[in-house]
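Structural description and commentary
Residue strings, one per chain:
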Amino acid sequence: MPETHEIIIVGAGLSGLSAAHFLHTSVPDLDILILEQDTRPGGAVRSFQEQGYLAEWGPHGFLDNNEASRALLSQTGLDRIAQKAPLGSFVRYVCHEGRLVQLPQKPTALLTTPLLSPLGKLRLLGDLFQKPRIEEQNVGQWAAYRFGPEILPLVDAAITGTFAGDYERLSIDAVMPGVRGLEKEAGSVLKGLLKKKKGAGAGMLPAMTSFPLGMEQLITTLTNGANILYHNPVRAITRENETWEIQTESKTYRATTVILALPINRTLELLAGHTPPLAAIPTARIATVALGFTDKAQIPFGFGYLAPERENRFAMGALFSTHMFPGRAPQGSVLMEGLVGGRRHPERLELSDEELISRIYDDLSKLIPLPEPPCFTRVLRGNSGIPQLEMGYPALLNWKDSLEQRLNGLHICGFGWEGIGMNDMMKAAKMVADTILHRVGGKRQTPEVRPVYF
Ligand SMILES: Cc1cc2nc3c(=O)[nH]c(=O)nc-3n(C[C@H](O)[C@H](O)[C@H](O)COP(=O)(O)OP(=O)(O)OC[C@H]3O[C@@H](n4cnc5c(N)ncnc54)[C@H](O)[C@@H]3O)c2cc1C
């Protein structure tokens, strides 16, 4: 007989673990089984510790301006130990004509930034007069049409910092649905923002959040008490008379409710029989190159920098890790994490560790005074690719919504559905849990307009 549970979650990454957490918090005795293909939980979230250095294979932090992640942190007690780097006091840099220039943190700072010419600044206001184009556009087309072409390197930096992506391929409707809604409703982004600005908390900048043991501390906390079967890849899911059958290599499980909490392409594979409009979407992989230096390295104060493609740099950017979260290097040392690869340069991930380290160091030392070579180096090559929400993605999201409505008991969240960031994952997991607990609609909420996108 197949083993039966009330709820089966496929995937013990942040999404699956968050869904289990929100369900258990409301109904502690729910019978939930999580099936995970790997021998460890966490998926893309994985921290690295060696010789007093703490670096990340995957995400480095998430902003504390999301209701679902704030709830999760306070329910687990993680809010008491969270490390915060407020955007208000830390600056970010963009590589501009071969040097690091502070990125404007607020829209008003755009007026004084050296990153735009006087004409370029004036052109930003052109948004007020541009009629919204309804058709799907890539992020670059959309931004140039609304704000003028000079904005593109800044857009490039933002897209590199979030998606490791290419702004000429990503769909604006998929990447910023909230801003797009505002534009369509008010006739322009600026008009819409001005209307919205009156709300409470407007203008407040959030903080980047991590934990003393790195991002993985979130995962280890969420696995406490969870019923997870590791080394159990799910191969197929089918529906038999209101019950879902979930097949792994060795066994069949049954549940009336199943949550697929997987990266989008894994879900598309499992649901291929339901003819999705796309069989798969592109992904972008990154390598993190952790570099420890003595404190003679003059790393500017702030989060780090991003390099638009037209700067022709080797690294997409670097995080100034010990400024952001102190204590991530031994006493007297500092840590930077360079990021390489992404949607545009997958070939760079084929380079040997030695070559990656030498080319990153060469690149960084042209931007930052680094009088001595690194005293610690490590290349972290994660397996996860960042899903690229490119043209055609909105149709895929509609397909997912209609499938969930048609197939009772099927719920879908995970990397690439409803966004790609950790906040997006925790928010979607909470929505799935709420839908299951209240058996309500399952319709997506109105997309939000965020004060900060990366
Ligand atoms: C390099 C990198 C940097 C990032 N940086 C940031 C950042 O700084 N800030 C931020 O907010 N976000 C960042 N992200 C995104 C963040 O990591 C993701 O939003 C989040 O980890 C996705 O969690 P998930 O559980 O949906 O997917 P995953 O982490 O991919 O977890 C899915 C799980 O499902 C398992 N699985 C897959 N197939 C099967 C199967 N058939 N059967 C059973 N189990 C299966 C996998 O083994 C995995 O454990 C980054 C991502 C990457 C890759």
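Residues numbered from 1 in each chain as written. Predicted model: local features only at pLDDT ≥ 70, side-chain atom pairs only at ≥ 80, totals over all residues.

**Re the overall build of the protein**
Within the protein, the secondary structure is distributed over 14 helices and 21 strands. Over its C-alpha atoms the protein spans a radius of gyration of 22 Å, differing by no more than 12% from the 22 Å that the globule rule assigns to 454 residues. A principal-axis box enclosing the C-alpha atoms of the protein has dimensions of 70 × 55 × 40 Å. Looking at the protein as a whole, 43% of its 454 residues are labelled buried. Here the analysis covers contacts within the protein between residues at least 6 apart in sequence; of these, 73% occur between residues at least 24 apart. (Helix = DSSP H or I, 4+ residues; strand = E, 2+ residues; numbered from the N terminus. Rg over C-alpha atoms; globule rule 2.2 N^0.38 Å. Buried ≥ 20, exposed ≤ 12 C-beta atoms within 10 Å, placed from the backbone. Contact = placed C-beta atoms within 7 Å.)

**Considering the sheet that holds strand 19 (residues 376–381)**
Pairing is mixed across the open sheet formed by seven strands, whose spatial order is 8-7-16-17-18-15-19. The sheet is open, and its two edges are formed by strand 8 (99–102) and strand 19, each paired on a single side. Going across the sheet, the axis of each strand differs from the next one's by a mean of 30°, ignoring polarity. By the bridge criterion, three bridges tie strand 16 (residues 304–306) to strand 17 (residues 317–319) in an arrangement that is antiparallel. (Pairing = 2+ DSSP bridges. Axes fitted to C-alpha atoms, helices over the stretch in contact; angles between N-to-C directions.)

**Details of unusual backbone geometry**
Of note in the backbone geometry, Glu97 takes a positive phi value of approximately 50° without being a glycine. Examined against the element boundaries, Glu97 turns out to sit in the loop between strand 7 (92–96) and strand 8. Residue Glu97 is classed as exposed on the basis of its C-beta count, with 10 C-beta atoms lying within 10 Å. Although it is not a glycine, Asn312 adopts a positive phi angle of roughly 55°. Here Asn312 shows up in the loop between strand 16 and strand 17.

**Some words on the domain arrangement of the protein**
Here the protein is partitioned into domain 1 (3–45 + 214–282 + 388–438), domain 2 (47–64 + 82–88 + 283–387) and domain 3 (107–196). Here the C-alpha centroids of domain 1 and domain 2 sit 31 Å apart. Listed as interface residues are 19 residues of domain 1 and, on the opposing side, 15 residues of domain 2. For the side of domain 1 that touches domain 2, the elements supplying multiple residues, two or more each, are helix 10 (264–270) and helix 14 (422–438). Taken together, the residues that form the side of domain 1 that touches domain 2 break down as eleven nonpolar, seven polar and one charged. (Domains from an automatic or database assignment. Nonpolar A, V, L, I, M, F, W, Y, C, P; charged D, E, K, R; others polar.)

**Comments concerning the packing of helix 4 (residues 139–147) against helix 5 (residues 152–163)**
Contact geometry for helix 4 and helix 5: axes closest at 10 Å, N-to-C directions at 145°. In terms of crossing hand, the pair formed by helix 4 and helix 5 is right-handed. The segment helix 4 lies against helix 5, with Val139, Gly140, Ala143 and Ala144 engaging Leu152, Val155 and Ile159. (Left-handed = near helix turned anticlockwise from the far one by under 90°.)

**What to know about helix 1 (residues 14–26)**
Taking 1.5 Å as the rise per residue, helix 1 with 13 residues should run 18 Å; its terminal C-alpha atoms sit 18 Å apart, in good agreement. With respect to burial, helix 1 is a largely interior element, ten of its 13 residues being buried. Residues of helix 1 that are buried include every one of Leu14, Ser15, Gly16, Leu17, Ser18, Ala19, Ala20, His21, Phe22 and Leu23, and no others. (Expected span 1.5 Å × (residues − 1).)

**What to know about the pairing of strand 4 (residues 53–56)**
Going residue by residue along strand 4, you find Tyr53 and Ala55 tucked away on one face and Leu54 and Glu56 tucked away on the opposite face as well. Of the pairings in the sheet, the one linking strand 3 (residues 47–50) to strand 4 comprises four bridges and is antiparallel in character. Counterpart to Glu50 in the pairing with strand 4 is Tyr53. Where strand 3 folds back on strand 4, the antiparallel hairpin that results is connected by two residues, among which Gln51 adopts a positive phi of roughly 50°.

**Details of helix 5**
For helix 5, spanning twelve residues, the distance from its first C-alpha to its last is 16 Å, which sits close to the expected 16 Å at 1.5 Å a residue. A large share of helix 5 lies buried, amounting to nine of its twelve residues. Turning to helix 5, its buried residues are Pro153, Leu154, Asp156, Ala157, Ala158, Ile159, Thr160, Gly161 and Phe163. Positive backbone phi, approximately 50°, marks Ala164, located one or two places after helix 5.

**What about the environment of Ser321?**
Residue placement: Ser321 occurs in helix 11 (residues 321–324). Take Ser321: there are 27 C-beta atoms within 10 Å of it, and that puts it in the buried class. Sequence separation between Ser321 and Ala55 is 266 residues, and the spatial gap between their C-alpha atoms is 7.9 Å.

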